[in-house]
Amino acid sequence: NAGVTQTPKFRVLKTGQSMTLLCAQDMNHEYMYWYRQDPGMGLRLIHYSVGEGTTAKGEVPDGYNVSRLKKQNFLLGLESAAPSQTSVYFCASRRGGASTDTQYFGPGTRLTVL
Amino acid sequence: AQSVAQPEDQVNVAEGNPLTVKCTYSVSGNPYLFWYVQYPNRGLQFLLKYITGDNLVKGSYGFEAEFNKSQTSFHLKKPSALVSDSALYFCAVRVRQSGGSYIPTFGRGTSLIVHP
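Everything numeric in this text was worked out from a predicted model, so none of it was measured.

J.: Help me understand the interface of chain A and chain B, please; the structure alone is not making it clear to me.
T.: Accessible area lost upon the coming together of the parts serves often as the stated size of an interface. Listed as interface residues are 20 residues of chain A and, on the opposing side, 21 residues of chain B. Summing both partners gives a buried area of about 1,700 Å² for chain A against chain B, and 55% of it is carried by carbon and sulfur. Elements supplying a minimum of two residues to the side of chain A that touches chain B: β4 (31-38), β5 (42-49) and β9 (87-94) of chain A.

Printed below as a string of structure tokens:
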């Protein structure tokens, strides 16, 4: 049971390049989330999904797209990277159904956009 | 709109002394409150949560938190700090949204430094 995994762990992009971050969970969780973490800003929600085939915008969705084609995977895409998207990205999942259950976080992806 | 505040960017405490990491919240309904810890270069790990019932919640690694409805606070505490407790701590609140989902809001985090 690997929990929540993220690929890649590190990435450096040039402005304008695109990339996809992959989040995978093996806990059969319904809900999945993408956050970015910046110094002094805490965690901010980018997009989330409450089930396979569904996605919704969070607090800071601009410049990102997501897809949840399979229940276990949640992809975060950057179509045209900007330096402002330099951050650490965390994926999380939770069982869903009950509003009180715990989120499980991945180890993070450190992205630098030059 | 819901929000959560962690008024201290950093808390310093000597090993063996009690520690408190503060959290206050603002919500329009009944809050579900969480504490998470983040060690360097790691993801967040769940510590404890308050849903309902006893205002004093006990969690992992000897941590506890007290829910105070009148002061809208959920401070994290530990009777005797360890150097290994040094980490970044996040408070989070979850409230039902208008569409029926529950979206968590995180505080900015408090860096706890325990000195030997």
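J.: Sorry if this is basic, but what is going on with the pattern of salt bridges here?
T.: Pairs can form between side chains of opposite charge once their charged atoms are near each other. Residue and element names in this part refer to chain A. In the structure shown here, the tally under the stated rule is 6 salt bridges over all chains. Residue E30 is joined to K71 by a salt bridge in which the shortest nitrogen-to-oxygen separation is 2.8 Å. You can see E30 sitting in the loop between β3 (19-25) and β4 and its partner K71 sitting in the loop between β7 (65-67) and β8 (73-78), a full 41 residues away along the chain. In this structure, R36 and D38 form a salt bridge, with 2.8 Å as the shortest nitrogen-oxygen distance. D38 carries the same exposure label as R36, and that label is buried. In the salt-bridge network here, residues are joined through shared partners; they are R36, D38 and R44.

J.: Whenever I open this one, the pairing of strand β5 (residues 32-38) of chain B confuses me. Can you help?
T.: Looking down a regular strand, the side chains alternate between one sheet face and the other. All names here are of chain B. Of all the 7 residues making up β5, 7 are buried; the element is thus mostly covered by neighbouring parts of the structure. Side-chain alternation along β5 places Y32, F34, Y36 and Q38 on one buried face and L33, W35 and V37 on a second face that is also buried. Examined bridge by bridge, β5 and strand β10 (residues 87-96) share 7 bridges and lie antiparallel to one another. Opposite V37, over in β10, you have Y89 as the bridge partner. Here 6 bridges tie β5 to strand β6 (residues 44-50), and the two strands are oriented antiparallel to one another. Across the sheet, residue Y36 finds its bridge partner in β6, namely F46. Between β5 and the antiparallel strand that follows it, β6, lie 5 residues; N41 among them carries a positive phi value of about 60°.

J.: Is there a simple way to explain unusual backbone geometry in this structure?
T.: Peptide bonds are, in most cases, trans, and in most cases residues other than glycine have a negative phi. Here the residue pair T7 of chain A and P8 of chain A is connected by a cis peptide bond, since its omega of -5° sits within 30 degrees of zero. The backbone of N41 of chain B shows a phi angle near 60°, a positive value even though the residue is not glycine. Classification of N41 of chain B as exposed rests on a relative accessible area of 65%. The phi dihedral of Y61 of chain B is positive, around 60°, even though this residue is not glycine. Tracing the backbone shows Y61 of chain B in the loop between β7 (56-58) and β8 (64-68). Residue classification places Y61 of chain B among the partly exposed positions, given a relative accessible area of 48%.

J.: Just checking my understanding: could you explain the sheet that holds β8 of chain A for this structure?
T.: In a beta sheet, neighbouring strands pair by backbone hydrogen bonds and run either parallel or antiparallel. Residue and element names in this part refer to chain A. Across the sheet, which stays open at both edges, the 4 strands sit in the order β1-β3-β8-β7 with antiparallel pairing between neighbours. The sheet is open, and its two edges are formed by β1 (4-7) and β7, each paired on a single side. For this sheet the average axis-to-axis angle between neighbouring strands, irrespective of direction, equals 20°. Alignment of β7 against β8, held across 3 bridges, turns out to be antiparallel. From the neighbouring strand, N65 faces β8, where its bridge partner is G77.

How each quantity is defined
- Residues numbered from 1 in each chain as written.
- Chains lettered and ligands numbered in written order.
- Predicted model: local features only at pLDDT ≥ 70, side-chain atom pairs only at ≥ 80, totals over all residues.
- Heavy atoms only, no water.
- Contact = heavy atoms within 4.5 Å.
- Buried area = accessible area lost by both parts, 1.4 Å probe.
- Helix = DSSP H or I, 4+ residues; strand = E, 2+ residues; numbered from the N terminus.
- Salt bridge = Lys/Arg side-chain N within 4 Å of Asp/Glu carboxyl O.
- Buried < 20%, exposed > 50% of the residue type's maximum accessible area, 1.4 Å probe, protein only.
- Pairing = 2+ DSSP bridges.
- Axes fitted to C-alpha atoms, helices over the stretch in contact; angles between N-to-C directions.

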